[in-house]
Amino acid sequence: MIMRVFDGHNDVLLKLRKAGGRPALKLFHQGRDGHIDLLRAVAGGFAGGFFAIFVPSPMDLATMKAEMAQPEYDLALPDPIPHEQALPVVMEMVALLMQLEAEGALRICRSVAEIRAAMAEGEIAAVMHIEGAEAIDPAFHALDVLYAAGLRSLGPVWSRSTVFGHGVPFKYPSTGDIGPGLTRDGKRLVARCDEIGIVIDLSHLNEAGFWDVAGISSKPLIATHSNAHALCPQARNLTDAQLDAVGASGGMVGLNFATGFLRPDGQMVPQAPVELMLDHLDHMIERMGEDHVGLGSDFDGAVVPEGIKDASGLPVLIEAMRGRGYSEEKITKLAHENWLRVLGVIWGG
Ligand code: ZN
């Protein structure tokens, strides 16, 4: 039987919004020119994961990717997006996710029991995640409403600043130690998310922000889609000290398939051997243990290795794990069990 993958990050909602919103949702059913749709999910064993709601900055992602294909790059952080501009976009994308659920394409899951039930019935299990908290007001009214709508995971920042903290720029070579830590409201946000059971995603936070969350949160630390800085010194990747802290907290890092965060030279080009993904897995497992690593593909949000191509290529990665001598038990943990265990701890079931 095909190994089922529960994945830490995808941007398919952003792509469907770009393709026209509601009328474009049929592409998710019928097949589309991208990384995730129902046909590719079935073919690859994609069982679900974190579906990102993301407010794009007014810049051309293609230009950004072209810059990141260069040997060195330092992309400036995009300008902050005001709350009143972000909120309608977030409402639109939550509505798209709900529409997909109404059409039977997936299920919005609010607990691990719901994820397991969806997986058992062959339905895609979607965790509602916000990448960058511009839509959240400091009084947390939007947070409470979004939680009621199913929100269970949140990144205080994407790679730009919010009222809560500051993101890491896409910079190579560089550490993520750029800029100040969380603001006072950012610290309140972490405490509030801990209290109600929302994952705080560290993936786009700068290093000072990372350590602030590590100091405040009583929950396992989570980086949904990040790699090992020791193998690819990109600002978005995690240093060994950060990996150690995630492991010690009982948390998780999801392997990002973005080639710019995999390749030692940081270049975002399709050429990247699948073995490189195994090198990052090996390193992260060596630092944290096999209970604290999973997958966080960044499908529909990044350039992924040509050998994987899209969600239908997930079995290629699973086969490469077998090739490296990983046991079936270890592969099952990496493919989904670790995510389900850690989410249970954070959500309380
Ligand atoms: Zn991201």
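Data block above holds the structure.
The rules behind the values
- Residues numbered from 1 in each chain as written.
- Predicted model: local features only at pLDDT ≥ 70, side-chain atom pairs only at ≥ 80, totals over all residues.
- Heavy atoms only, no water.
- Axes fitted to C-alpha atoms, helices over the stretch in contact; angles between N-to-C directions.
- Helix = DSSP H or I, 4+ residues; strand = E, 2+ residues; numbered from the N terminus.
- Parallel < 35°, antiparallel > 145°, perpendicular 65-115°, else oblique.
- Contact = heavy atoms within 4.5 Å.
- Nonpolar A, V, L, I, M, F, W, Y, C, P; charged D, E, K, R; others polar.
- 1 Å grid on protein atoms, 1.4 Å probe; cavity = no way out; pocket = protein on both sides within 12 Å on 5 of 7 lines; lining within 4 Å.
- Points joined across faces, edges and corners; volume = space filled by probe spheres on them.
- Donors = N, O, S within 2.8 Å, 3.2 Å for Na, K, Ca; no water.
- Buried < 20%, exposed > 50% of the residue type's maximum accessible area, 1.4 Å probe, protein only.
- Salt bridge = Lys/Arg side-chain N within 4 Å of Asp/Glu carboxyl O.
- Left-handed = near helix turned anticlockwise from the far one by under 90°.

Asker: Any chance you could explain the packing of helix H5 (residues 83-102) against helix H7 (residues 141-149) here in plain terms?
Answerer: Viewed as axis vectors pointing N to C, H5 and H7 meet at an angle of 10°, and their least axial separation amounts to 12 Å. Compared by their axis directions, H5 and H7 come out roughly parallel. Where H5 abuts H7, its residues Leu-87, Val-90, Met-91, Val-94 and Met-98 lie against Ala-142, Leu-146 and Ala-149. In terms of residue class, the contact of H5 with H7 is built from 8 nonpolar, no polar and no charged.

Asker: Sorry if this is basic, but what is going on with empty space enclosed by the protein here?
Answerer: Vacant regions in the atomic arrangement are exposed by a probe of water-molecule size rolled over the atoms. Evaluated as defined, the whole model comprises 3 cavities of 30 Å³ or more. One number sums up the size of the largest cavity: a volume of about 280 Å³. If you trace the largest cavity, you find 21 residues lining it, with Asp-11, Leu-61, Met-64, Trp-158 and Gly-301 closest to the centre. Those elements that provide at least two residues to the lining of the largest cavity are helix H1 (12-18) and helix H4 (61-68). Per-element accounting of the lining of the largest cavity gives the leading share, 4 residues, to H4.

Asker: Hey, could you run me through the coordination of the zinc ion in this one?
Answerer: A metal bound by six donors in octahedral fashion has ideal angles of 90 or 180 degrees, whereas one bound by four tetrahedral donors has an ideal angle of 109.5 degrees. Binding of the zinc ion to the protein goes through Glu-131 (OE), His-204 (NE2) and His-225 (NE2), at separations of 2.2 Å. Sequence positions of the residues that donate to the zinc ion give the spacing E-x72-H-x20-H. On the criterion of sequence distance, the pair formed by Glu-131 in strand S5 (residues 125-131) and His-204 in the loop between strand S8 (199-200) and helix H9 (207-216) is long-range, its members being 73 residues apart. Residue Glu-131 is classed as buried on the basis of its relative accessible area, which comes to 4%. Relative accessible area serves as the criterion here: at 4%, His-204 is assigned to the buried category.

Asker: Looking at this model, I keep getting lost on the pattern of salt bridges. Mind explaining?
Answerer: Using the criterion set out here, one finds 23 salt bridges in the structure. Here Glu-290 and Lys-333 are joined by a salt bridge, their closest N and O atoms 3.0 Å apart. In this pair, Glu-290 is assigned in the loop between helix H12 (274-288) and strand S11 (293-295) and Lys-333 in helix H14 (residues 328-347), connecting sequence segments 43 residues apart. A single salt-bridge network, built from bridges that share partners, covers Asp-37, Arg-40, Lys-309 and Asp-310.

Asker: Is there a simple way to explain the packing of helix H8 (residues 184-196) against H9 in this structure?
Answerer: Helices that pack against each other are described as a pair by the angle of their axes relative to one another and the distance between those axes. For the pair H8 and H9, interaxial distance at closest approach is 10 Å and the crossing angle is 45°. When the axis of H8 is compared with that of H9, the two are oblique. The two elements H8 and H9 cross, and the hand of that crossing is right-handed. Contact residues: H8 offers Lys-187, Val-190, Ala-191 and Asp-194, while H9 offers Asp-212, Val-213 and Ile-216. Grouping the amino acids of the contact of H8 with H9 by side-chain chemistry returns 4 nonpolar, no polar and 3 charged.

Asker: Is there a simple way to explain unusual backbone geometry in this structure?
Answerer: Trans is the prevailing form of peptide bonds, just as negative phi is the prevailing case for residues other than glycine. Cis peptide bonds are those with omega within 30 degrees of zero, and the linkage from Tyr-172 to Pro-173 qualifies with -10°. Among the secondary structure elements, Pro-173 is positioned in the loop between strand S7 (171-172) and H8. Positive phi is not limited to glycine here, since Phe-140 has a value of about 65°. When you line up the elements, Phe-140 lands in the loop between S5 and H7. Although it is not a glycine, Asp-298 sits at a positive phi angle of roughly 65°. Secondary-structure assignment places Asp-298 in the loop between S11 and helix H13 (314-323).

Note that every value here comes from positions in space, so none of it alone points to a role or purpose.
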